[in-house]
Amino acid sequence: MNSNNRLTIVRQSPAYWRIVINNPPLNLFDPKMFAELNVLMDDIEKDTDLKVVVFESGDEDFFMNHHDVENRLTVPDQPGAMPFFGNWPKFVTRLAQSSVISIAKVRGRARAQGFEFALACDMRFASRERAKFALIEVGGSSIPGGGGVEWLSALVGRSRTLEIVCSADDFDADIGERYGFVNRSIPDAELDGFVDALAERMARFEKRALETAKKMVNGRAGVPSEGDLWTSNHILQGVDLWPEAAKAFTKMLDAGLGQVGEFELNFAERLGDFPSA
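The structure presented is a predicted model; accordingly, all values stated were derived computationally and were not measured. (Residues numbered from 1 in each chain as written. Predicted model: local features only at pLDDT ≥ 70, side-chain atom pairs only at ≥ 80, totals over all residues. Heavy atoms only, no water.)

Enquirer: I would appreciate a short explanation of the overall build of the chain in the present structure.
Expert: Across its full length, the chain holds 12 helices and 11 strands. Taking 2.2 N^0.38 as the reference for a compact globule, 277 residues should give roughly 19 Å; the C-alpha atoms of the chain span a radius of gyration of 18 Å, in line with that estimate. With the C-alpha coordinates aligned to their principal axes, the bounding extent of the chain is approximately 55 × 40 × 35 Å. Carbon and sulfur atoms make up 51% of the accessible area of the chain, which amounts to about 12400 Å² in all. (Helix = DSSP H or I, 4+ residues; strand = E, 2+ residues; numbered from the N terminus. Rg over C-alpha atoms; globule rule 2.2 N^0.38 Å. Areas by Shrake-Rupley, 256 points an atom, 1.4 Å probe, with all protein chains shown as cover.)

Below is the structure:
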């Protein structure tokens, strides 16, 4: 086991790693987590034995949360650190095109950046009782800029993508499976065993066969290009300067954004309770 500040790598076998996401108390996506993800990709790409990685959370309430917006522009002094804008599309493209199969095992809330990260993985399996997915940005006078629009459009189609993006609401695992952005909704008590068995099964297969199969599927499945992701990422950078976005950000901070409590647990519901912009 190799423990870092935000990610813990559990090497189940030479071919199968579990990556445990743990950034208490809210599992926010922050610049240190991004730095560690970049280093992780370096390690994944150098390892000739690795075939499957599973991302999971050490927090039952949050798989991976939204961006740590207050610190989003920070570039920490550590390996892998780089500005989020312009570099997130590079990371996502590396993950999507890598030789390994990536699985998001979602237990808890995957909102905004966390949802977009899960969508960038090759597969998603979710706890029927505990998983919630939301792109909450429009409810905060912003837009999804981490690839959510691109991935969802390919997975669920135009109308359902518009519903998910423009409602800024929570969607559970059953709806996610029905819409197509979740592979399977699985009872929470069975989730770990199912994903572990699947990962171990694939880890027994030949790496070159897995890699070639993934490349073939990517070529036919409408996987967004780095350029597509770059465009959304930079649109978000401009939207952050809107006066409406600044006003909404202040309102959310006052309501409990980034703090342990009811607002973070029920983010999407609380956004629907805000008065009209």
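Enquirer: Just to check I follow, could you spell out the nonpolar core for this structure?
Expert: Where a protein is soluble and globular, its nonpolar side chains tend to be buried together. In this structure, Phe55, Phe63, Phe117 and Phe181 are the most contacted members of the largest nonpolar core, which totals 50 residues. In this structure Phe55 touches Ile19, Ile21, Leu37, Leu40, Phe63, Leu95, Ser102, Ile103, Ala104, Lys105, Phe117 and Cys121, once residues within four positions along its chain are discounted. Counting 14 residues, the second largest nonpolar core, distinct from the first, contains Val52, Met123, Phe125 and Val195. (Core = buried A, V, L, I, M, F, W, Y, C linked by side-chain atoms within 4.5 Å. Buried < 20%, exposed > 50% of the residue type's maximum accessible area, 1.4 Å probe, protein only. Contact = heavy atoms within 4.5 Å.)

Enquirer: Teacher, can you tell me more about the pattern of salt bridges here?
Expert: Note on pairing: side chains with opposite charge can pair once their charged atoms come close. One pass over the structure, following the stated rule, counts 18 salt bridges. With a shortest N-O distance of 2.7 Å, Arg94 and Glu45 are connected by a salt bridge. Of this pair, Arg94 sits in helix H2 (residues 88-97) while Glu45 sits in helix H1 (residues 31-46), and the two are 49 residues apart along the sequence. Among the ionic pairs, Glu262 bridges to Arg270, the shortest N-O distance being 2.6 Å. Relative accessible area serves as the criterion here: at 42%, Glu262 is assigned to the partly exposed category. One network of salt bridges, with partners in common, ties together Arg18, Glu56, Lys105, Arg107, Asp188 and Asp192. (Salt bridge = Lys/Arg side-chain N within 4 Å of Asp/Glu carboxyl O.)

Enquirer: Sorry, what's going on with the environment of Thr74 here?
Expert: Along the chain, Thr74 falls in the loop between strand S5 (62-64) and H2. With 42 residues separating them along the chain, Thr74 and Lys32 place their C-alpha atoms 9.0 Å apart.

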